[in-house]
Every structure is written in C-alpha cells, then in structure tokens.
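Below, each chain spelled out in residue letters.
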Amino acid sequence: MQIADGQEASVGDLIVCTKNDHSILAGEPGRTLANGDLLRIEEIAEDVVMVRRALDVDPQTGGRRWTDHAFSYGGYELCELGYAVTDHAAQSRTVHTGMQLVTGTETRQQAYVGISRGTEKNVALVFTVTPKLADPRPGARPAPELARFQRLTRERVGEVLPEPTQAGREAVGVLADVLERDGVELSALETQERSFSSSDNLAILHAQWQSETSAARVERYCEMTTRMLPEGYRGDLGHQAKWLWRTLRAAELAGLDPEEVLTTAIGERDLAGVRDVASVVDARIRRRVAGTVPLQQPLWSERVPRIRAEHQAYVHELALAMDARKDRIGEHAVEHEPQWAIRALGPVPDEPLSRLAWQRKAASIGAYRELSGFDHPVEAIGPEPASDDPDRRAAWYEAFGCLGPVGGMDVRPLPDGTLHLMRESYRIETAWAPRYVTSALRQVRMGAEDAELQAIRRDALAQANQQRSQEDAAIANEELAASYRAMADAYRSREMIFDMTERDRREWEAITEQPRRLAISADSELRRRHPGQHLEPLRSAEPEPVTEADQSELALAPETRFGDVGEWIKDLAAHRKAFAEMLAERNSMTIPAEDPDYEDLGRAFPALGMSERDAILQPPKPVIKPSARVLQQAWERDHAPEAVS
C-alpha cells in the first residue's frame, strides 16, 4: 500500500500515525488513535488495513509489546514509515536499543531524549563532517546511488572493500558542543522575572556611573595637572592625556594622593624639549605605581563625587542602587549556594555572625563577576584583569581578598622558597602518570561493535547465498563472518588493556589533584608577586598520549593477523605494574604526629575523590531577587489607567 510522500508499506512494516483520530479504538478500551502512535501492519485487504499499536517495552525482557487486538486503520495515506522517528516523537518511547543521529546542531534537550530511550543500549551516530560545508569541486558528479550499488554488489560476492575515510572532528567533540548548547524555553512569567532581575545589573549601573562621574574626575585631574605644570607647558595636553588620567585613577585607587604623585613626576626632571607633556608625565607616574595594587574601596554611596547640581541626586540614587544590588547578590549566594561560592568560600556557616561574614565576601565576589561579565560556574573570579580599566581591577582585588583556602592550603603567606618547591612538585607528580589512552579505548570499542555487526551481516548474506544456491559466495561470506568474529575478539582483548590503563589514569588524577592544584597556585602566586621575573611555564612530565601512528596500528581488517599487538601496547602492562607499586607507596605514607607516642595524623596524600557529573537536563538557574523599586514601577505601569488621547 502507498503511504505519505509516495512511500510503500507492506505487511510487517512499522508505520507512524501523524494525525489524531478519536473515532478509532487503538487496540485497548477507551484508547483512541493519537499522533505519534507506532503501528505494525498485520493485514492488507482491498480497502482495509489491520494494524496493532506498540506498547511500552516489557520491563523484564526489554522486548517490544503490541496490543492484543488488531484494529482497522483507514487513514494510512497520511502515515509515515516508523523505523526512525524525530526527537519530538521519541519523547514517550521506551525501547531496548536506542540509536540517535546527531548532526551537531542539536541542543542538550534533544540529545537527552535520544540517548535515554534504550533500556539496554544507547548509541549516538555522530556527523563528524558537517554537510553544510561548500563543495569546491566544480562540475556534475555521478549520483551517489551508483557508487552504493557497486559497493553492495562487490560485498555480496565476498569482496572486502576498504572503509571510506573522511577527515572531520572527533565525535566526542561534536557531542560536547551539543551538551553545551542549552535550548530551554522559558515561560512568560520566567522571562518577566529574569527581565526584572537584570534591570539593575551591576554592569549596566556601573556603565551609567562611569558615564556620569568620569567627566568630573577628568576635569579635576586636568585642572590639577595644568596648575602644577610650569608656565610654558600649560597648553592643550592633547589626546594622549587620556592615558595620564587612567594612570592617575590607578594611583588614586591604590591610596596615593594624585596631587602628590603629579608633583613628584613633574619635578623629577626638567621638561625642556618634551614634545608630548602628557605622555612623559604618564610614563614617570607609571614607573612609580607599577607594583601597587588597589585598596579596599568604600561603598559606592560613600564615593559620590561633586558634579553638576542637577545630576548630583541622580548619581547618588545610582550609587544606592549599586550598593543594594551588591547586597542582594550576597543574599542570593547564601540562599542558593552556587558552585563558585562554595569553591571560593566553603559551605555557608550556620552561626549567624559567620554567615553574615560569608555573605559579605560572596557579595564582593559576585559583584565583580557581574560587573565584569565573568560567568564561569566553578571558578570564582578568573585571572587578574589588565590595567586598562582601573575600577574593574580594583573590584577584582576586592574579590581576590575575599577568597579563602578552601580544599587546600593558602599559598599567599608562604615565602618564595616554599612556593618554588611546591611549583617543582608539578613535574614530580606528573612523571608517574599512566598514559592517556582514551582515544585508543574509544577506537577499539567502536571497532569491536562494527566487527560484531559485520559478522552478523555476513552470516545473513551467507544464508541468503545458500538459499539462492550461490555456494562460492556463501563460503566467502562464511569465512568473512568468522574473520570478523575473530577481529571483534582481538578488539575486545585490546579493550581490556586500555580500560585498565584508563582506570589507573582516573585513580592517578584523583590522588594527585590536590598536589597539582597547589603547584599551579604556587606558580600563579609567584607570577603575581614578581611580574617582571621570567619563569618557565609549568610543563607536564607525563608520557605522551596515544599518537596517530599508534592508533593506525589499532585499525584491523579481516585479512590481517589479529594476534600481533604493538610494542607500545605491551609496554602498558609493565607501566601498570610500576604504577601499582607507586600507588601503594603513596597510599601507605602518613603524616607523623609531633609526639612519637601518638598516632599519625592521617594519609599524606589523601584523594579528593572524583567529582560527580551534572545531569544533562538542568532546571532553570534561580535569578537574583529583583529590586523592590523595579517591582513597584512594574506594578504601577501595569495598573495605571490607559492614557486618553
């Protein structure tokens, strides 16, 4: 029979209903036919098609179940073949094996549906080469069906063909991009709530603050500079003066008196012959303030400058709004405990005064994150910003001063010698790491899966050849099936080796996470203390990961010898033995007590434990409580009578 899009369906085929029909009972009392129902054709008569509807899979066996009673389906002209369905149609399905086609443009919500339908196995078939790239080859090409027909013809007679290869991305990379792409759709109320919450975002308020206060600050710096310059140099300072104003702002934030800084810089040497006074004075001041850092700044409401009278009240209200936003950021962190806050400050204390102190620190850190747009879910503040924005740099140092030694020791008070020793430990800790074999493990697993499928296919072709009395082709396919099964066994043996090495690698990462983190912290602290000192970058001493040449040895074909393995695979066993000895030694090391009569203080190298992975689907993140003034203005707008024209 003919269904939608000119497709043909026969008895035993699966079709999908594409339209609700409440006049048809779908095999169960009270259950009518619905859009998306999967049907199996049982019988085709002249004007009647009998079908059964698919039920959920059997929870015990995982097999597909169908309704006990077949029913007549008259709207089959609109149905489609049901061997593959879209993500939307698959949302309510449960099958024993799920296979999802991933093109790379999906969202994490779509990916979740495809990889969670199967009870026994879920497979993702990933496009590693995007079909949207333009083809640079001109001219017409043969239809792809011709090449496919020739390939199938040669395979049926037992000829082994090389697998087609095409350069592209790693499948895991494509899936990672898909999981990073959030396609959640917010309701109207959620959209309104987020709009209210972000209406007084610190980045917006701070931009308005800078717009209103920078002119007054520049005017003050300009008057101060002109007054202190010698008589013959008090003309127009030119466009280079903006860098001088920025340097004076950095000096002022560091607690220096800008007037005193200017006096010292101008009186340092004679200005005779200087072509650009502002650039010279700026260079002299920068040499003096190069090693200074911004001090703790007061509330915005306590640093409102004197500006034009008509704008003074507005700037004061703007400062109050920024202070209130910062307080609400701290309250939000206490209530919802975001990852970055827990990582930076530890758990929220129960004691009220400690809880308030935790909230104030979280407010400073969160204020910098919002002001700078830094939104990493785990890292609190990121690297120190450049000196081109002194105010943002001051906010970073305020947040940096609030960070605590959570999950490890604080390296800031340590002397340089200790920091250098801790930094050197990075090479020692990485030297005994097992080899990174994840890509090889993935390759052999995929190869084993493909070989097992090819063996099943060759068995089916051999059976078909025997039914057609094609003895030579049947023998060739039987030999290929046996060869593919041997190939699958060879892949599985390699998989065991790589899997054990990968487990060792995860254990090494867990037990050395804290020492490696301290080494990186020591390196960062040394670079912060001595910005002009040359330090070699931290380099890992772990063995190189599996190379392309190594992976090429893992590619097996039916005509190759499966028992031979590369030397690098044999070396993994020896490395595993050395790693086990090192691991046992590390686990047995303890911290001795000061009094030898007391027990030791515990393991010297405790493992931090593997971090739990987040679920693919996450609820919408809570937003900061909107300002009371914003809510009041929204209420007044919604309840105000319409204007009469």
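Criteria and thresholds
Residues numbered from 1 in each chain as written. Predicted model: local features only at pLDDT ≥ 70, side-chain atom pairs only at ≥ 80, totals over all residues. Heavy atoms only, no water. Salt bridge = Lys/Arg side-chain N within 4 Å of Asp/Glu carboxyl O. Helix = DSSP H or I, 4+ residues; strand = E, 2+ residues; numbered from the N terminus. Buried < 20%, exposed > 50% of the residue type's maximum accessible area, 1.4 Å probe, protein only. Core = buried A, V, L, I, M, F, W, Y, C linked by side-chain atoms within 4.5 Å. Contact = heavy atoms within 4.5 Å. Disulfide = S-S within 2.5 Å. Patch = residues over 30% accessible without salt bridge, like charges linked within 9 Å, V, L, I, M, F, W, Y side chains within 5 Å. Areas by Shrake-Rupley, 256 points an atom, 1.4 Å probe, with all protein chains shown as cover. Phe/Tyr/Trp six-rings, centres within 6.5 Å; stacked < 30°, edge-to-face > 60°. Lys NZ or Arg CZ within 6 Å of the ring centre and 35° of its normal. Axes fitted to C-alpha atoms, helices over the stretch in contact; angles between N-to-C directions. Parallel < 35°, antiparallel > 145°, perpendicular 65-115°, else oblique. Left-handed = near helix turned anticlockwise from the far one by under 90°. Nonpolar A, V, L, I, M, F, W, Y, C, P; charged D, E, K, R; others polar. Lys, Arg positive; Asp, Glu negative; His and termini not counted. Expected span 1.5 Å × (residues − 1). Polar contact = N/O pair within 3.5 Å; in protein donor to acceptor, adjacent residues only side chain to side chain. Pairing = 2+ DSSP bridges. pLDDT = per-residue confidence, 0-100. Charge placed at Lys NZ, Arg CZ, Asp CG, Glu CD.

Draft legend 1. Just the pattern of salt bridges, in detail. Across all of its chains, the model carries 40 salt bridges by this definition. Measuring nitrogen to oxygen at the nearest pair gives 3.7 Å for the salt bridge that ties E449 to K121. You can see E449 sitting in helix α14 (residues 438-467) and its partner K121 sitting in strand β9 (residues 118-126), a full 328 residues away along the chain. For E384, the salt bridge is made with R393, and the minimal N-O distance between the two is 3.0 Å. Here R393 falls in the buried class, since its relative accessible area comes to 17%. Each of K121, R445, E449, E452, R492, E495, D499 and R503 takes part in a single network of salt bridges with overlapping partners.

Draft legend 2. Up close: the nonpolar core. Ranked by size, the top nonpolar core spans 21 residues in total, and within it M487, F498, L554 and W568 carry the most contacts. Among the elements that make up this core, the one with the highest residue count is helix α15 (residues 471-511) (7 residues). Once residues within four sequence positions are removed from consideration, W568 is found in contact with R435, A440, F498, V546, D550, E553 and L554. Formed by 20 residues, the second largest nonpolar core is a distinct cluster that contains Y221, A241, A251 and V289.

Draft legend 3. Main features of the state of the cysteines. If you walk through the whole model with that rule in mind, you get 0 disulfides. For C17, which is in no disulfide, the shortest distance to another cysteine sulfur is to C79 and amounts to 7.7 Å.

Draft legend 4. Representation of a nonpolar patch on the surface within the structure. Together, M99, L101, L125 and F127 make up an exposed nonpolar region whose accessible area comes to about 390 Å². Its location among the elements puts L125 in strand β9.

Draft legend 5. Layout of the packing of aromatic side chains. Applying the stated rule across the entire model yields 5 aromatic pairs. A centroid spacing of 5.6 Å and a plane angle of 10° characterise the contact between F498 and W568, whose relative ring orientation is stacked. A residue pair is termed long-range when its members are at least 10 positions apart, and F498 in helix α15 and W568 in helix α18 (residues 567-588) qualify at 70 residues. According to the relative accessible area criterion, F498 is buried, its value standing at 0%. Its relative accessible area of 9% is what places W568 among the buried residues. Through a chain of ring-to-ring contacts, the aromatic side chains of W396, Y397 and F400 assemble into a single cluster. Sitting over the face of the ring of W508, R516 holds its NZ or CZ atom 4.8 Å from the ring centroid.

Draft legend 6. Up close: the packing of α15 against α18. Interhelical geometry of α15 versus α18 gives an angle of 30° and a closest axis separation of 10 Å. Classified by the angle their axes make, α15 and α18 are roughly parallel. Two packed elements cross with a definite hand, and for α15 against α18 that hand is left-handed. Here α15 contributes I497, F498, M500, T501, D504, E507, W508 and I511 to the contact with α18, which in turn contributes W568, I569, L572, R576, F579, L583, R586 and N587. The residue makeup of the contact of α15 with α18, split by class, is 10 nonpolar, 2 polar and 4 charged.

Draft legend 7. The side chain of R369, seen in detail. One can find R369 in helix α11 (residues 352-372). No salt bridge is formed by the buried R369, whose closest oppositely charged neighbour, D375, lies at an N-O distance of 6.3 Å. Not counting residues within four places of it along the chain, the set of residues in contact with R369 comprises W340, F374, D375, H376, E379 and A380.

Draft legend 8. Region of interest: unusual backbone geometry. Although it is not a glycine, E337 sits at a positive phi angle of roughly 50°. Examined against the element boundaries, E337 turns out to sit in the loop between α9 (309-336) and α10 (339-345). Judged by its relative accessible area of 42%, E337 is partly exposed. Here the phi dihedral of S469 falls at roughly 60°; this positive angle occurs in a residue that is not glycine. Residue S469 is classed as exposed on the basis of its relative accessible area, which comes to 58%.

Draft legend 9. Quick look at α11. The terminal C-alpha atoms of α11, which comprises 21 residues, lie 30 Å apart, in line with the 30 Å expected from a rise of 1.5 Å per residue. Along α11, the residues that are buried comprise W358, Q359, A362, A363, S364, I365, G366, A367, Y368, R369, E370 and L371. Where α11 begins, one side-chain oxygen reaches toward the backbone nitrogen of L353, 3.2 Å away; that side chain belongs to E351. Phi turns positive, to about 80°, at G373, one or two residues after α11.

Draft legend 10. Local environment of the sheet that holds strand β5 (residues 49-53). In space, the 5 strands of this open sheet follow the order β6-β5-β4-β1-β7, with antiparallel pairing throughout. The sheet terminates laterally at β6 (71-72) and β7 (80-81), the two strands that pair on one side only. Inspection of the sheet shows β5 paired to β6 by 2 bridges, in the antiparallel sense. Pairing of M50 across the sheet is with S72, part of β6.

Draft legend 11. How the structure looks around the confidence of the model for the protein. Taken over all residues, the pLDDT of the protein has a mean of 84, while the share at 70 or more is 92%. Mean pLDDT across the elements of the protein bottoms out in helix α2 (residues 144-156) (76) and peaks in α11 (93).

Draft legend 12. Structural view of the packing of helix α5 (residues 202-228) against helix α6 (residues 241-253). Across the interface, α5 lies against α6 with an axial gap of 10 Å and an inter-helix angle of 100°. Considering the angle they form, α5 stands roughly perpendicular to α6. Residue-level inspection shows R217, V218, R220, Y221, C222 and T225 of α5 in contact with α6, the latter providing L244, W245, L248, R249 and E252. For the contact of α5 with α6, a count of residues per class yields 6 nonpolar, 1 polar and 4 charged.

Draft legend 13. Local environment of the environment of E302. Residue position: E302 is located in the loop between α8 (277-289) and α9. On the accessibility criterion, E302 (58% relative accessible area) is exposed. Once the C-alpha coordinates of E302 and E479 are considered, the two residues, 177 residues apart in sequence, prove to be 86 Å apart.

Draft legend 14. Representation of the environment of F579 within the structure. Take F579: it is sitting in helix α18. Sequence separation between F579 and R494 is 85 residues, and the spatial gap between their C-alpha atoms is 19 Å. Apart from residues lying up to four places away in sequence, F579 is in contact with W432, P434, D504 and W508.

Draft legend 15. Structural context of a negative patch on the surface. A grouping of E471, D472, E478 and E479 is seen on the molecular surface, where their side chains present a negatively charged patch. In this structure, E478 sits in helix α15.

Draft legend 16. Here's a closer look at α6. The end-to-end C-alpha distance of α6 is 19 Å, a good match for the 18 Å that 13 residues give at a rise of 1.5 Å each. A241, L244, W245, T247, L248, R249, A251 and L253 are the residues of α6 that are buried. Structurally, α6 contributes buried residues whose contacts are with α5, α7 (258-266), α8 and α12 (390-400). A positive phi of about 95° marks G255, the residue just after α6.

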